[in-house]
Amino acid sequence: MQFSYILIDDSDFLESTLEHIKEFDAFLCVAVCKTKKDAINRILELKPNVVFLSISTTSENASSISFTLLSELHEFLDELPTIIVLSDFKEAAYEAYQRGVSGYLLMPIDPNELRKCLMRYQKTHKSLFTDTLSIKSNGDYNFIRCSEIVYLKADGNTTDFYLKSGKVVSAYKTLKHFEKLLPFYFFRIHHGYVININYVSRINLGKSSCYLSNNDIVLPFSRTYKENIDTIILRIS
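Residues numbered from 1 in each chain as written. Predicted model: local features only at pLDDT ≥ 70, side-chain atom pairs only at ≥ 80, totals over all residues. Heavy atoms only, no water.

**Section: the nonpolar core**
A general trend in soluble globular proteins is that nonpolar side chains are found buried together.
At step 1: Ile8, Ile149, Leu152, Phe161, Ile189 and Ile195 are the most contacted members of the largest nonpolar core, which has 58 residues in total.
At step 2: If near-sequence neighbours (up to four positions away) are discounted, Leu152 is found in contact with Thr159, Asp160, Phe161, Leu175, Phe178, Leu182, Phe186, Gly192, Tyr193 and Val194.
At step 3: Residues Phe3, Ala26, Leu114 and Leu118 belong to the second largest nonpolar core, which totals 22 residues. (Core = buried A, V, L, I, M, F, W, Y, C linked by side-chain atoms within 4.5 Å. Buried < 20%, exposed > 50% of the residue type's maximum accessible area, 1.4 Å probe, protein only. Contact = heavy atoms within 4.5 Å.)

**Some remarks on the sheet that holds strand 8 (residues 149-155)**
At step 1: What the five strands build is an open sheet, ordered 10-9-8-12-11; its pairing is antiparallel. The sheet is open, and its two borders are formed by strand 10 (168-171) and strand 11 (186-190), each paired with just one other strand. On average, each strand axis in the sheet is inclined to that of its neighbour by 20°, with strand direction left out of account.
At step 2: Here strand 9 (residues 158-163) runs beside strand 10; their pairing, made up of four bridges, is antiparallel. Following the sheet pairing, Tyr162 is matched in strand 10 by Val168.
At step 3: In the packing of helix 7 (residues 226-236) onto the sheet, the strands contacted are strand 11 and strand 12 (193-196), and the crossing angle to strand 11 comes to about 135°. (Pairing = 2+ DSSP bridges. Helix = DSSP H or I, 4+ residues; strand = E, 2+ residues; numbered from the N terminus. Axes fitted to C-alpha atoms, helices over the stretch in contact; angles between N-to-C directions.)

**With respect to the sheet that holds strand 3 (residues 50-55)**
At step 1: On the basis of which strands lie adjacent, the open sheet formed by five strands has the order 2-1-3-4-5 and parallel pairing. The sheet is open, and its two edges are formed by strand 2 (27-33) and strand 5 (103-106), each paired on a single side. In this sheet, neighbouring strand axes are inclined to one another by 20° on average, regardless of whether the strands run parallel or antiparallel.
At step 2: In this structure, strand 1 (residues 3-8) lies alongside strand 2, joined through six bridges in parallel fashion. From the neighbouring strand, Leu7 faces strand 2, where its bridge partner is Val32.
At step 3: In this fold helix 1 (residues 14-22) packs onto strand 1, strand 2, strand 3 and strand 4 (82-87), with an angle of close to 170° to the strand it touches most, strand 1.

**Thoughts on a negative patch on the surface**
At step 1: A cluster of like negative charges, contributed by Glu15, Glu19, Glu23 and Asp25, occupies part of the molecular surface.
At step 2: One can find Glu19 in helix 1.
At step 3: Accessibility expressed as a relative area gives 44% for Glu19, which makes it partly exposed. (Patch = residues over 30% accessible without salt bridge, like charges linked within 9 Å, V, L, I, M, F, W, Y side chains within 5 Å. Areas by Shrake-Rupley, 256 points an atom, 1.4 Å probe, with all protein chains shown as cover. Salt bridge = Lys/Arg side-chain N within 4 Å of Asp/Glu carboxyl O. Lys, Arg positive; Asp, Glu negative; His and termini not counted. Charge placed at Lys NZ, Arg CZ, Asp CG, Glu CD.)

**Notes on the layout of surface pockets**
At step 1: Volume-wise, the largest pocket comes out at about 1300 Å³.
At step 2: What lines the largest pocket is a set of 42 residues, and nearest its centre among them are Leu46, Lys47, Leu182, Pro183 and Phe184.
At step 3: If you list the elements that add at least two residues to the lining of the largest pocket, you get helix 2 (36-46), strand 6 (132-137), helix 6 (175-179), strand 11 and helix 7.
At step 4: The biggest single contributor to the lining of the largest pocket is helix 2, with four residues.
At step 5: For the lining of the largest pocket, the per-class residue count stands at 21 nonpolar, ten polar and eleven charged. (1 Å grid on protein atoms, 1.4 Å probe; cavity = no way out; pocket = protein on both sides within 12 Å on 5 of 7 lines; lining within 4 Å. Points joined across faces, edges and corners; volume = space filled by probe spheres on them. Nonpolar A, V, L, I, M, F, W, Y, C, P; charged D, E, K, R; others polar.)

Have a look at this one:
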């Protein structure tokens, strides 16, 4: 099981913090944001499980990211994702917990404290995801594990599911419909394709091509979804 997260950080600790979190394979980075506006937009779009919110006193733009981000998110969301605050000063801890955050870590990150924090999260969120889709086609129900789906292809008002086994399952609903049901490790890269990033083996920016399953499958990506390609590269690299 994997959990998605967004890192919001405009401090000098950004790179080192990201490297520490990447050590934990159960957590998948879906975006890194340096401004409050970008952070809010990405949280609403990607709906991450966890948000790491850096509140720093050393950054030149420290005032651009603050606890007001949480207040603004409440305007749009009934329930916020799990918020873990990262800060370089202890005094922020009191305000953080007053605002209902789930964790607080001092920067630079102590790997041992980060491990405890993430293991605590995993323990309390074991049942967060279901990994099975029910696909109906002419009274025929296929129950497919999401982890077995390599990619989805739009075909008019139907969607074809290409599975790891080589089997193709068709469903009489649009790609947009299924895109909303899939786990966070699926990304749309083209108006006609959604891919499981766990099968990505190569990305060629010059040819606008994404290679899956050890380069056996080559799919195009479009400029419209270039931001998703950048996120995939960030995670894999």
